[in-house]
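# Structural overview
Below are the chains, spelled out letter by letter.
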Amino acid sequence: MTAQLIDGNALSKQLRSEVARRVQTLKQRGLTPGLAVILVGEDAASQVYVRNKVKACEEAGLNSVLERYGADLTEAQLLDRVRALNEDPGIHGILVQLPLPSQINSQKVIEAISPAKDVDGFHIASAGALMTGMPGFWPCTPHGCMKMLESIDYELRGKHAVVIGRSNIVGKPMALMLLQKDATVTICHSRTKDLKAHTRTADLIIAAVGRPRMLTADMVKPGTVVIDVGMNRDVDGRLCGDVDFAGVSQVASYITPVPGGVGPMTITMLLVNTLESAERSAV
Ligand code: GUN
C-alpha cells in the first residue's frame, strides 16, 4: 500500500476529548448540553446507530435523552413531541432517526425541528445557510469529511474535487462545503456518463453512492486523496465501503478505511453540533 491512512477513530478520539473539555467548561457554568434522540419503529440498523450516538454522548459528558416509539406512532404524535422538545431548555439538539415508518412524512418532521436545534443539519433552513455561507448546522457526515481533510492540511483551493453521489445528506452538502473552500467541484451520480473520465481528472474523490467497492484503482489518478463514505455489506456479508480499498490504496496518496474512517466522524460531528448549540444558547 502506498497511500497514507486517514484514521477516523484516532481523529474522533482527539476531537471528542476536545468536546469533553468544552462540555466541562459549560457544566461549570451550570449548563449541560442535551441531545434528544427519537427512534420510531424497530429498524435494526437504526437501533445500532442510535445506541452508538447515545453512548458517544455519555462518554463526552453530554446528556442524551432517548425516546423510543412503536412503528404505529402517528405523524401528529411525532410532531407534538418535536414541538415540545423545541421548547425544552435542557435540550440543545433534536435528532429524529431516519428512516421513519411510511405513515410519517419525514420532511415534514424535519421542518418541525427548530433550526436552532437541528444538529443533523437536515432542515431546509440549515441547507439554505450552508448554501449561502451563513451560520447554521452542517450535516454531520460531510462535515466529518471536511475535518478529515483538515487533519492532513489538505489545501482545497483550486483543486478538482469529484463527489460521487447527490443525496441531500451527503453528496449535495459535501459539494457546497468543498466549493466554499475554493475547490472546483464536479458532482457525479447514477446517471453520469463515463464516470471514470471524471474521476481520472480528480485531485480529491468523495465516494458516497452506497455500492460496494465501485471505485476501482483504474478510475483514480496517482496521488489522489480518496474519502470513502460508503457503508455496505458485500456478497460475503462483510462491511465494506464504496472504494475498492485494496486496489485504490496502491494509487491514492491518502485514503480513509471502512470501518474506522468516516463512520466515527459522523457521530463526532453530531457531538460538536450539539455542544455548539448549547454554547450558542449560553451567550
Ligand atoms: N439515518 C442514517 N443516518 C442518519 C443520520 O445521520 N441522521 C438521522 N437522523 N438519521 C439517519
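Figured I'd write up the structure that's included with this text. (Residues numbered from 1 in each chain as written. Predicted model: local features only at pLDDT ≥ 70, side-chain atom pairs only at ≥ 80, totals over all residues. Heavy atoms only, no water.)

## Structural notes on the overall build of the chain
Tallying secondary structure elements over the chain gives 10 helices and 11 strands in all. For the chain, the spread of C-alpha atoms along the principal axes amounts to about 50 × 40 × 35 Å. Counting the 283 residues in the chain, one finds 49% classified as buried. When contacts within the chain are restricted to residue pairs at least 6 apart in sequence, long-range pairs at least 24 apart make up 70% of them. As displayed, the chain offers around 13100 Å² of accessible surface, 53% of which is attributable to carbon and sulfur atoms. The distance from the centre of the 30 positive side-chain charges to the centre of the 29 negative ones in the chain is 2 Å. (Helix = DSSP H or I, 4+ residues; strand = E, 2+ residues; numbered from the N terminus. Buried < 20%, exposed > 50% of the residue type's maximum accessible area, 1.4 Å probe, protein only. Contact = heavy atoms within 4.5 Å. Areas by Shrake-Rupley, 256 points an atom, 1.4 Å probe, with all protein chains shown as cover. Lys, Arg positive; Asp, Glu negative; His and termini not counted. Charge placed at Lys NZ, Arg CZ, Asp CG, Glu CD.)

## Focus: the site of the ligand
Every residue lining the ligand is accounted for by K53, L95, V96, Q97, L98, D120 and F122. Measuring from a nitrogen atom of the ligand, one finds a backbone N or O atom of L98 at 2.9 Å. In the model, a nitrogen atom of the ligand is placed 2.6 Å from a nitrogen or oxygen of the D120 side chain. Protein chains bury 79% of the 280 Å² of accessible surface belonging to the ligand in isolation. Across the shell around the ligand, the residue classes tally to four nonpolar, one polar and two charged. (Near = heavy atom within 4 Å. Polar contact = N/O pair within 3.5 Å; in protein donor to acceptor, adjacent residues only side chain to side chain. Nonpolar A, V, L, I, M, F, W, Y, C, P; charged D, E, K, R; others polar.)

## Let's talk about the side chain of T256
Along the chain, the position of T256 falls in the loop between β11 (254-255) and α10 (262-282). From its side chain, T256 meets the backbone nitrogen of D228 in a polar contact 2.8 Å long. Apart from residues lying up to four places away in sequence, T256 is in contact with I6, M148, V226, I227, D228, F245, G261 and V262.

## Describing the nonpolar core
Nonpolar side chains in soluble globular proteins tend to be buried together. One finds L149, L156, L178, L204, I206 and I227 to be the most contacted residues of the largest nonpolar core, which totals 28 residues. For this core, the elements supplying multiple residues, two or more each, are α1 (8-28), α6 (140-151), β5 (160-164), α7 (171-180), β7 (204-207), β8 (225-228) and α10. Ignoring any residue separated from it by four or fewer positions in sequence, one finds I227 in contact with I6, C145, L149, L204, I205, I206, A207, T256 and V262. Within the second largest apolar cluster, 24 residues are counted, among which are L31, I267, L270 and A278. (Core = buried A, V, L, I, M, F, W, Y, C linked by side-chain atoms within 4.5 Å.)

## A look at α1
Its 21 residues place the ends of α1 30 Å apart at the C-alpha level, agreeing with the 30 Å of an ideal helix rising 1.5 Å per residue. Of the surrounding elements, those touching the buried residues of α1 are α2 (44-60), α6 and α10. You can read the cap of α1 off the contacts: a side-chain oxygen lies 2.9 Å from the backbone nitrogen of N9, and it is on D7. Note on α1: the residue one or two positions beyond its end, G30, has a positive phi of about 85°. (Expected span 1.5 Å × (residues − 1).)

## Overview of the pairing of β8
The side-chain alternation of β8 yields two buried faces, one formed by V225 and I227 and the other by V226 and D228. Bridge analysis of β7 against β8 gives four bridges, and the strand direction is parallel. Paired with I206 across the two strands is I227, which belongs to β8. Bridging between β8 and β11 involves two bridges; their strand directions are parallel. Bridged to V225 within β11 is Y254. (Pairing = 2+ DSSP bridges.)

## Regarding the sheet that holds strand β6 (residues 184-188)
The strand order across the open sheet formed by six strands is β1-β11-β8-β7-β5-β6, and the pairing between neighbours is parallel. Strand pairing shows two members of the sheet lacking a second neighbour, β1 (4-5) and β6, which therefore form its edges.

## With respect to the sheet that holds strand β2 (residues 34-40)
The three strands lie next to each other as β3-β2-β4, forming an open sheet whose pairing is parallel. Edge positions in the open sheet fall to β3 (63-69) and β4 (93-96), since each of these has one partner strand only. Put simply, the sheet's adjacent strands are angled 15° from each other on average, direction ignored. When β2 meets β3, the two strands line up parallel, connected through seven bridges. Paired with I38 across the two strands is E67, which belongs to β3. (Axes fitted to C-alpha atoms, helices over the stretch in contact; angles between N-to-C directions.)

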